[in-house]
Amino acid sequence: MSAKQECSPLVSVVIPVRNGARTIREQLDALAAQEFSGTWELVIADNGSTDGTADIAAEFHKRIPLLRIVQAADGTGINFARNAGVRASRGERVLICDADDRVHPGWISGHVRALEEFDVTGGPLEFAELNPDRVAGLHADKAQTGPPVAGRFLPYATGCNFGFRREVWDRLGGFDDAWKRGHTETEFCWRAQLEGFTLGWAPTAVVSYRRATEVSGELRRLFRSAQALPRLYRTFGERGMPGSFFRSAIRAWAWLLYRVPWAVLKPVWRLKWLQVLAWRSGRLTGSVRYRTLYL
C-alpha cells in the first residue's frame, strides 16, 4: 500500500438490504471492480432477509476484504437499515447504494472527489443497462446534469446514489426512521441544507438503476413518491417549501376525466393516463393521511 493510500481517510460504502438475493451479487461484483485506489470498507445492513442474502454477500469476503454484514432486523424501513449500516461503519466519508442496482467503476472515486468540496453528494442514474427497452424508453429524455429538486424547494441526492461526510449524519442524528416509503432521503438532504451543509453533484459517480419491469411496480413507485410530498410540506412548509397549486390539481383531474376514453381505447395513451392518476392519487391520499392540503 502506498503512503498516499495509508494517509487517505477510510471510505465506507453502506448497502441497506432486505431479501436482495436475486440482485445483490451483481452489485457486489461491481463494487469489487471499483477503480478507487484508496482504502474502503463495505457494510451490508441486513434488514431481516430470509432469502439467503447474507450467504451470498459472505462469498465476497476475498474480493472485498473489508466487508462486514451487520444485522438490522430490530426495526423496519430503509432508513432504519441505513442508520444501522452507517452506525457500524468507520469511514469519514459514507456512500450509500442499493442491492438491486449496479454502480459504475468510477462510482466511489466520483463521490470521494465531490466530497472534497461538498458535504452531501448525489450522482446520475442510468436506465438502459438493467431495464428492458420498454422501461428504459420511459426515461430516455431524463439525462441528469445535477441533483433533482422536489416540491419546488431544495435539491436532494437519490438514495441509491448518495454520499455524505460523517459529520453530517452525526449532526442530524441520522436518517429519520419514521420515513419508510417515499422521499426517505429527501428529508435527510433538506435537513442537512437547512443546517448549513452543502449539497453537490458527482457527475462521474454513475449508477445503473433497476426499475420495476411491470407497469404496476412503476405506478406504485409514483404513488409512494407523490404521497410523501404532503408530508414534506407538513414538515418543511414553515421553513420555505412552497404549497401546491390548487388550479393545477383541478386541471390535472379534469384532464384525467376527459382522457378516460383514450385510456380505454388506445394503449399508447393508457400508460401516461395511469401515471398521472397514480401521481395525483398519491398526493390526494397523502393530503388526507398527513392532514395537510397538498394537491
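Report follows, based on the coordinates. Small disclaimer: the values here were computed from a predicted structure and weren't measured.

1. Some points on helix α8 (residues 184–194)
Inference 1: Buried residues dominate α8, accounting for 10 of its 11 residues.
Inference 2: What α8 keeps buried is the set T184, E185, T186, E187, F188, C189, W190, R191, A192 and Q193.
Inference 3: G196, located one to two residues past α8, shows a positive phi value of around 100°.

2. Remarks on the packing of helix α9 (residues 215–236) against helix α12 (residues 267–289)
Inference 1: At their nearest, the axes of α9 and α12 sit 7 Å apart, and the two run at 35° to each other. As for the relative orientation of α9 and α12, their crossing is right-handed in sense. Two secondary-structure elements touch here, α9 through V215, L219, L222, F223, S225, A226, Q227, L229 and P230 and α12 through L271, L274, Q275, A278, W279, S281, G282, R283, T285, G286, S287 and R289.
Inference 2: Its residues assigned to classes, the contact of α9 with α12 comprises 11 nonpolar, eight polar and two charged.

3. Focus on the pairing of strand β1 (residues 11–17)
Inference 1: The buried fraction of β1 amounts to seven of the seven residues, a majority that puts the element mostly inside the structure.
Inference 2: With burial as the criterion, each face of β1 is covered, one bearing V11, V13, I15 and V17 and the other bearing S12, V14 and P16.
Inference 3: Bridge count for β1 against strand β2 (residues 40–46) is seven bridges, and the pairing is parallel. Residue pairing for β2: V11 is matched across the bridge by W40.
Inference 4: In this view, the connection linking β1 to its parallel neighbour β2 by way of helix α2 (residues 24–32) has right-handed handedness.
Inference 5: Note: β1 against strand β4 (residues 93–97), four bridges, orientation parallel. Residue pairing in the sheet places V13 in a bridge with L95 of β4.

The rules behind the values
Residues numbered from 1 in each chain as written. Predicted model: local features only at pLDDT ≥ 70, side-chain atom pairs only at ≥ 80, totals over all residues. Heavy atoms only, no water. Buried < 20%, exposed > 50% of the residue type's maximum accessible area, 1.4 Å probe, protein only. Helix = DSSP H or I, 4+ residues; strand = E, 2+ residues; numbered from the N terminus. Axes fitted to C-alpha atoms, helices over the stretch in contact; angles between N-to-C directions. Left-handed = near helix turned anticlockwise from the far one by under 90°. Contact = heavy atoms within 4.5 Å. Nonpolar A, V, L, I, M, F, W, Y, C, P; charged D, E, K, R; others polar. Pairing = 2+ DSSP bridges. Right-handed = clockwise from strand over helix to strand, strands pointing away.

By themselves, these figures tell us nothing about what the structure is for.
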